[in-house]
Amino acid sequence: MLTSAAMSKLVNDAVLDPIFSLITQLDIERVQIIIDTKHVMSKEKWDELASKKTRSLEETEYVLSTFGFRSLDHFSKYVNLLITLDKKYGIDKLSKNDQKHFSDALRKKQYDSILEQALMERKHSAKLGPGTGGVPSECWKCVYDYRDCLSASYQVVISYTPLTTYTTSVNVSTSGGISISTTEFTTPSRATITYMNTSYNPQQCYDTYSICIQSCMY
């Protein structure tokens, strides 16, 4: 078990790592993809796909899009970055408790940094370009309330467990540790969803966001 000082140094080093900067960029991108495309799977569709024994590539990508991934390649890039970061800092060799402590501390620093530096707003503005509109400054509270809702109950926490040299089990769970879905990811880019939690409701936080943004902008 790592000491508090050793864990703190590990987290601080990882936060400053370019790999983690890329992960943060993708996390911001995932939330914005959902907001920009207004793509949220209905509870009925989620349950329909969850009931299937196997799913096509298109259905697999549709499930992944619920978490803001544009494609299997987009998902693969994210997972590979997580694995690369963990291996670089030896996280995969730590105890399960230390691994969770590291992940929780890292995500907390990421969250604070996104808020303090207004990273979502800056990325959004850069994408739109000057004078093209978008989310008014007074409405960004809706975006952050949406992200807070995800963090509180339906946060997409993505973790992995190596199964073989080439296959990794990728688990999407809530911040409370409740599994949402499990995908077996095989290098370089094959994914098979092996579990979907039927108690999960993809619409819950987005419905609140939609009401907020509509009332703010109109």
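Look a little higher up for the structure.
Predicted model, so just to flag it, every value in this text is computed and none were measured.

The rules we used
Residues numbered from 1 in each chain as written. Predicted model: local features only at pLDDT ≥ 70, side-chain atom pairs only at ≥ 80, totals over all residues. Heavy atoms only, no water. Helix = DSSP H or I, 4+ residues; strand = E, 2+ residues; numbered from the N terminus. Buried < 20%, exposed > 50% of the residue type's maximum accessible area, 1.4 Å probe, protein only. Contact = heavy atoms within 4.5 Å. Areas by Shrake-Rupley, 256 points an atom, 1.4 Å probe, with all protein chains shown as cover. Pairing = 2+ DSSP bridges. Axes fitted to C-alpha atoms, helices over the stretch in contact; angles between N-to-C directions. Parallel < 35°, antiparallel > 145°, perpendicular 65-115°, else oblique. Left-handed = near helix turned anticlockwise from the far one by under 90°. Nonpolar A, V, L, I, M, F, W, Y, C, P; charged D, E, K, R; others polar. Core = buried A, V, L, I, M, F, W, Y, C linked by side-chain atoms within 4.5 Å.

Novice: What's the story with the overall build of the protein in this structure? I'm lost.
Specialist: From N to C terminus, the protein includes nine helices and four strands. Going residue by residue from the N terminus, the α and β elements of the protein occur as α-α-α-α-α-α-α-α-β-β-β-β-α. With 218 residues in all, the protein has 45% of them scored as buried. Long-range pairs, those at least 24 residues apart, make up 61% of the contacts in the protein between residues at least 6 apart in sequence. Put simply, the protein shows about 11600 Å² of open surface, and 55% of that area lies on carbon and sulfur atoms.

Novice: I would appreciate a short explanation of the sheet that holds strand β1 (residues 157-162) in the present structure.
Specialist: Strand pairs in the sheet, formed through backbone hydrogen bonds, run parallel or antiparallel to each other. Strand order in the open sheet made by the four strands is β1-β2-β3-β4, with antiparallel pairing throughout. Looking at strand neighbours, the two that pair on one side only are β1 and β4 (190-196), the edges of this open sheet. Strand-to-strand twist across the sheet, computed as the mean angle between neighbouring axes with direction ignored, equals 25°. Pairing geometry for β1 and strand β2 (residues 167-173), over six bridges, is antiparallel. Looking at β2, one finds that Ser-159 is bridged to Asn-171.

Novice: What exactly am I supposed to notice about the packing of helix α3 (residues 43-50) against helix α4 (residues 57-65) here?
Specialist: Helix packing geometry: the angle between the two helix axes and the distance between the axes. Relative to each other, α3 and α4 sit at 135°, their axes nearing to 11 Å. Between α3 and α4, the angle is such that the two are oblique. Of the two possible hands of crossing, α3 and α4 adopt the one that is left-handed. Across from Lys-45, Trp-46 and Leu-49 in α3, the residues of α4 making contact are Glu-59, Tyr-62 and Val-63. Its residues assigned to classes, the contact of α3 with α4 shows four nonpolar, no polar and two charged.

Novice: Explain the nonpolar core here, please?
Specialist: Proteins that are soluble and globular tend to have nonpolar side chains buried together. Ranked by size, the top nonpolar core spans 39 residues in total, and within it Ile-23, Trp-46, Val-63, Phe-67, Phe-75 and Phe-102 carry the most contacts. With eight residues, the single largest contributor to this core is helix α5 (residues 72-88).

Shape is all these values report; function is a separate question.
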